[in-house]
Amino acid sequence: MDHFFIKRKRNSEVKYTEACSSSSVESGIVNSDNIEKNTDSSLQTSSSFEPHFKKKKVSARRYNEDYLKYGFIKCEKPFENDRPQCVICNNILANESLKPSKLKRHLETQHAELIDKPLEYFQRKKKDVKLSTQFLSCSTVSEKALLSSYLVAYRVAKEKIANTAAEKIILPACLDMVRTIFDDKSADKLKTIPNDNTVSLRICTIAEHLETMLITRLQSGIDFAIQLDESTDIGSCTTLLVYVRYAWQEDFMEDFLCFLNLTSHLSGLDIFTELERHIVGQYKLNWKNCKGITSDGTATITGKHSKVIKKLLEVTNNGAVWNHCFIHREGLASREIPQSLMEVLKNAVKVVNFIKGSSLNSRLLETFCSEIGTNHTHLLYHTKVRWLSQGKILSRVYELRNEIHFFLIEKKSHLANIFEDDIWVTKLAYLTDIFSILNELSLKLQGKNSDVFQHVERIQGFRKTLLLWQVRLKSNCPSYYMFPRFLQHIEENIINENILKEIKLEILLHLTSLSQTFNHFFPEEKFETLRENSWVKDPFAFRNPESIIELNLVPEEENELLQLSSSYTLKNDYETLSLSAFWIKVKEDFPLLSRKSVLLLLPFTTTSLCELGFSILTQFKTKERNGLNGAAAMRVALSSCVPDWNELMNRQAHPS
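Residues numbered from 1 in each chain as written. Predicted model: local features only at pLDDT ≥ 70, side-chain atom pairs only at ≥ 80, totals over all residues. Heavy atoms only, no water.

On a plain count of helices and strands, the protein comes out with 30 helices and seven strands. Looking at the protein residue by residue over its 656 residues, the buried ones come to 42%. By sequence separation, contacts in the protein at least 24 residues apart represent 67% of the contacts at least 6 residues apart. For the protein, the accessible area works out to roughly 37300 Å², and carbon and sulfur atoms hold 51% of it. (Helix = DSSP H or I, 4+ residues; strand = E, 2+ residues; numbered from the N terminus. Buried < 20%, exposed > 50% of the residue type's maximum accessible area, 1.4 Å probe, protein only. Contact = heavy atoms within 4.5 Å. Areas by Shrake-Rupley, 256 points an atom, 1.4 Å probe, with all protein chains shown as cover.)

The next subject is the sheet that holds strand S7 (residues 321–324). Here five strands make up an open sheet; going across it, the order is S5-S4-S3-S6-S7 and the pairing mixed. The sheet is open, and its two edges are formed by strand S5 (251–262) and S7, each paired on a single side. Taking the axes of each pair of neighbouring strands and ignoring which way they run, one obtains an average angle of 20° across the sheet. Examined bridge by bridge, strand S3 (residues 224–232) and strand S4 (residues 238–248) share nine bridges and lie antiparallel to one another. Its bridge partner lying in S4, Glu 230 is registered against Leu 240. Each of S3, strand S6 (290–295) and S7 is contacted by helix H12 (residues 308–315), which is oriented at about 175° to S6, the strand it contacts most. (Pairing = 2+ DSSP bridges. Axes fitted to C-alpha atoms, helices over the stretch in contact; angles between N-to-C directions.)

For helix H25 (residues 568–576), the complete set of buried residues consists of Leu 570, Asp 573 and Tyr 574. The arc enclosing the buried residues of H25, seen along the axis, measures out at 105°, which places them on a common side. Exposed side chains of H25 directed beyond 90 degrees from the buried face belong to Tyr 568, Thr 569, Glu 575 and Thr 576. On its buried face, H25 sits against helix H24 (555–565) and helix H26 (579–585). Structurally, the start of H25 carries an N-cap: the backbone nitrogen of Leu 570 is 3.2 Å from a side-chain oxygen of Ser 567. (Arc of directions from axis to C-beta. Polar contact = N/O pair within 3.5 Å; in protein donor to acceptor, adjacent residues only side chain to side chain.)

Here the focus is a nonpolar patch on the surface. On the surface, Met 177, Ile 181 and Phe 182 cluster together into a nonpolar patch covering about 380 Å² of accessible area. The topology assignment puts Phe 182 in the loop between helix H7 (165–181) and helix H8 (184–190). (Patch = residues over 30% accessible without salt bridge, like charges linked within 9 Å, V, L, I, M, F, W, Y side chains within 5 Å. Salt bridge = Lys/Arg side-chain N within 4 Å of Asp/Glu carboxyl O.)

Looking now at the packing of H24 against helix H27 (residues 591–601). Packing of H24 against H27 leaves a shortest axis separation of 8 Å and a crossing angle of 95°. When the axis of H24 is compared with that of H27, the two are roughly perpendicular. Between H24 and H27, the residues in contact are Glu 556, Glu 557, Glu 560 and Leu 561 and Pro 591, Leu 592, Leu 593 and Lys 596, respectively. Looking at side-chain class alone, the contact of H24 with H27 contains four nonpolar, no polar and four charged residues. (Parallel < 35°, antiparallel > 145°, perpendicular 65-115°, else oblique. Nonpolar A, V, L, I, M, F, W, Y, C, P; charged D, E, K, R; others polar.)

Note on terminology: a disulfide is the covalent bond linking the sulfur atoms of two cysteines. Taken as a whole and assessed by the stated rule, the structure comprises zero disulfides. Summary of cysteine pairing: Cys 325 is not part of a disulfide, and the nearest cysteine sulfur, belonging to Cys 610, is at 9.2 Å. For Cys 325, a relative accessible area of 0% translates into the label buried. (Disulfide = S-S within 2.5 Å.)

All right, on to the packing of aromatic side chains then. The full count for this structure, using the stated rule, is 18 aromatic pairs. Each ring, one from Tyr 574 and one from Phe 582, has its centre 5.5 Å from the other, and the planes form 80°; the classification is edge-to-face. Ring geometry for Phe 582 versus Trp 583: centroids 5.3 Å apart, planes at 70°, classification edge-to-face. In this structure, Phe 582 and Trp 583 share a single accessibility class: buried. Clustering of aromatic rings is evident, with ring pairs tying together Trp 535, Phe 540, Tyr 574, Phe 582 and Trp 583. Lying across the ring of Tyr 150, Arg 202 places its NZ or CZ 5.0 Å from the centre. One Lys or Arg, Arg 401, reaches over the ring of Tyr 398 and ends 4.1 Å from the middle of that ring. (Phe/Tyr/Trp six-rings, centres within 6.5 Å; stacked < 30°, edge-to-face > 60°. Lys NZ or Arg CZ within 6 Å of the ring centre and 35° of its normal.)

Let's shift gears to the side chain of Ser 515. Mapping Ser 515 onto the fold places it in helix H21 (residues 497–521). In this structure the side chain of Ser 515 is engaged in a polar contact, spanning 2.7 Å, whose partner is the side chain of Gln 470.

Right, let's get into the confidence of the model for the protein. Within the protein, residue pLDDT values average 79, and 78% of them lie at 70 or more. Here residues 135–141 is a poorly scored stretch, pLDDT under 50, and it has two contacts once near neighbours within four places are set aside; other chains count. (pLDDT = per-residue confidence, 0-100.)

What follows covers the pairing of S3. In terms of burial, S3 is a largely internal element, seven of the nine residues being buried. Alignment of S3 against S6, held across four bridges, turns out to be parallel. Residue pairing across strands places Ile 226 opposite Ile 293, the latter belonging to S6.

Of note in this structure, Lys 160 is not a glycine but carries a positive phi near 55°. By the secondary structure assignment, Lys 160 is in the loop between helix H6 (143–158) and H7. Taking the relative accessible area as the measure of exposure, Lys 160 reaches 24% and is therefore partly exposed. Despite not being glycine, Lys 284 shows a phi value in the positive range, around 60°. As for its placement among the helices and strands, Lys 284 is situated in the loop between helix H10 (268–282) and S6. A residue is classified by how much of its surface remains accessible, and Lys 284, at 59% relative accessible area, is exposed.

In C-alpha cells:
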C-alpha cells in the first residue's frame with residue numbers, strides 16, 4: 001500500500017494530460033478507471049484551470065532501508081522531513097536527495113573506493129555513526145548556552161570576582177529577571193549555562209586562547225620591549241610579572257606576557273634561567289627582537305650580585321636598552337628630607353598608627369568625625385612601598401588635625417601635645433603641600449599612551465620649578481604661593497617672624513636637597529640620545545635644510561625628513577594621532593625614519609603595569625584563597641587582546 005501511494009504521488013503531475021487525451025495508463029499498480037474518474041471530477045470543479053499558474057505541490061520523500069547499500073542512513077536529528085546521512089563522511093543531504101540515483105552518485109563521486117563494499121560494511125559503519133551521535137547529543141551544550149558561559153566567565157575574570165559569583169549571584173539574578181519579564185520557560189533555558197566549576201575551566205580556556213593569540217603575534221618576528229618586576233604576595237610566594245609592548249596594526253600594544261612563581265632563595269641567575277625557559281623555551285621567541293628592558297632597579301633584579309639585567313642584555317647582543325623606572329626614581333628622589341621635617345613625618349605616622357592600630361579607636365574617630373560633619377572620617381596607613389602614601393596620609397592628618405587633637409585629648413595620649421605646637425603644625429602644612437605636588441608628578445608618569453619624551457619633559461619641568469621656588473624663597477620678600485596650605489596657615493595664625501624664617505630655611509634646604517637628588521637620579525647625559533633625536537618628537541619643526549643638516553642624519557634619512565616635514569596631510573595626522581601611531585602609519589613612505597623612531601619609542605619608561613598587576617593579584621589571592629594559582633585569571637583580567645569567540649566555540653565543538 002505504501003508503494004501504491006508513492007507511485008500515485010509521482011504520477012500526479014501527468015494526470016491532467018492523460019485525462020484530456022483519454023488515453024489509458026498502463027500500470028501494474030494504479031487503475032485507469034480511477035484516474036479517469038478523478039480527472040473528470042477535477043475538470044468539472046476547475047473549469048478555469050491554467051496549468052502555468054498552478055503551484056506545484058512538492059511531496060516529502062521517505063527513507064527506505066534499502067538505501068543503506070549506498071552508504072546512507074536516516075539522520076537522527078529532528079528535521080521536519082527524512083534526510084539521508086552518509087555513514088562515511090557524516091554529511092547530511094537534503095530530503096530531495098532521497099533518490100537511489102542521487103545517493104548512488106554521492107557514493108561514486110565522493111567514495112569511489114567503496115563502491116564494491118558489501119552491505120555488511122555499511123551496517124558496521126551505521127553502528128559507529130549511531131554511537132557517535134548518541135555521545136554528541138549527551139555531551140554537547142547548545143551553542144548559545146556555551147557562548148553565554150564563556151561570556152560570563154570572561155566578565156567574572158575581568159571584574160576580579162570569585163568564580164562562585166556566577167552560580168550564586170549572576171545566574172540567579174538572570175533567572176529572576178527573565179522569569180519576571182518573560183516566563184518560566186525562557187528562564188529554564190538559562191539553567192543550561194554551566195556552574196562555577198565550569199567557569200574556572202572556561203577562564204583557563206580563554207586564558208590559553210589569549211596567550212596563543214599574543215605569542216602568535218610575537219613569533220612573527222616583530223620587535224618588542226618588556227618590563228618586569230617582582231613582589232611577594234599574601235601567601236609569601238615570590239612572583240615575577242612580565243609585560244610586553246609591540247607594534248601591532250596602527251599603534252603600540254601593551255599586554256601581559258607571563259606570570260612566574262619563584263622560590264624565595266632564587267639567585268639572579270636562576271631568575272634569568274626561569275625567564276629564558278618561558279620566553280625562549282615555551283614561547284619560542286627570539287631575544288634579538290627584544291629592544292627594551294625596564295625594571296624598578298631593585299637589588300634582586302639589577303643589584304651587584306644579581307646580574308639579571310646584565311644577562312638579558314647579553315642575550316640580546318646589547319641590542320636592547322635598559323630603563324630604570326621613572327616612577328621608582330622619582331620615589332627615591334623624594335625620600336631625601338631634612339631631619340627636622342622627617343620628625344614631623346614620623347610623628348604623623350605615629351598618630352595614624354595609634355588610631356588605626358586599635359579598631360575601637362578607629363571606630364570612635366569615625367563616629368566623632370561623622371557627628372561634626374567633616375569631609376573625611378578615616379585616616380590612611382603609611383607605607384614606603386606605595387608611591388602616593390606620604391602625600392595622602394599627611395593630607396588626611398592635616399585636614400582632620402583639630403578633630404584628631406580633640407580625640408587624643410579624650411584618650412589622654414601624649415601625642416595630643418604635638419598638635420598644640422604651632423611650629424609642628426606649620427611644618428605639617430608644608431609637607432602636605434610638597435608631597436601632594438610630588439604625588440601629582442608621580443600620577444603624570446603613570447598610565448598608558450605616554451612616551452619617553454613626555455616623561456622627560458615632566459621631569460625637566462619639575463627640576464626647573466624647584467629652582468624657581470628656591471629663587472622665590474631667597475628673595476627679600478619670599479613668596480609661598482606654590483604651597484597653598486602652608487600659605488593659608490601662616491595667614492590665619494600668628495607666627496613669630498624669627499620662627500617663620502627658620503621654617504623658610506628648612507623649606508629651602510629641602511628644595512635644594514630635592515634638586516640634587518633629582519639631578520642624581522635623572523642625569524642630563526641620560527637624555528642625550530633624546531636630544532639628538534628631537535625630530536622624532538616634532539618632525540615638522542625641521543622644515544629648513546639647514547636645521548636638518550644639524551641633526552647628524554644619514555643622507556637617506558635627511559631626504560625622508562625633508563619630504564615628511566613638507567607634507568600638510570601628514571601634519572594633520574601628527575596632530576590627531578599619538579606619536580607612536582604616527583610613526584607606524586608613515587612606515588611605508590618613510591621606512592628609515594619610522595624604524596628609527598619606533599625603536600626609540602618602544603621601550604617602557606615605567607613599571608606601572610607590573611604594579612597594576614600586583615594590585616589585581618591581591619584581589620584574586622586573598623587570605624581565604626592564598627593557595628590559588630591565579631595565572632589564568634590574571635591573564636584574562638589584564639590582557640589587551642579580545643577573545644575570538646567564534647574560534648573558542650569551534651574549538652569546543654571540535655576539540656581535536
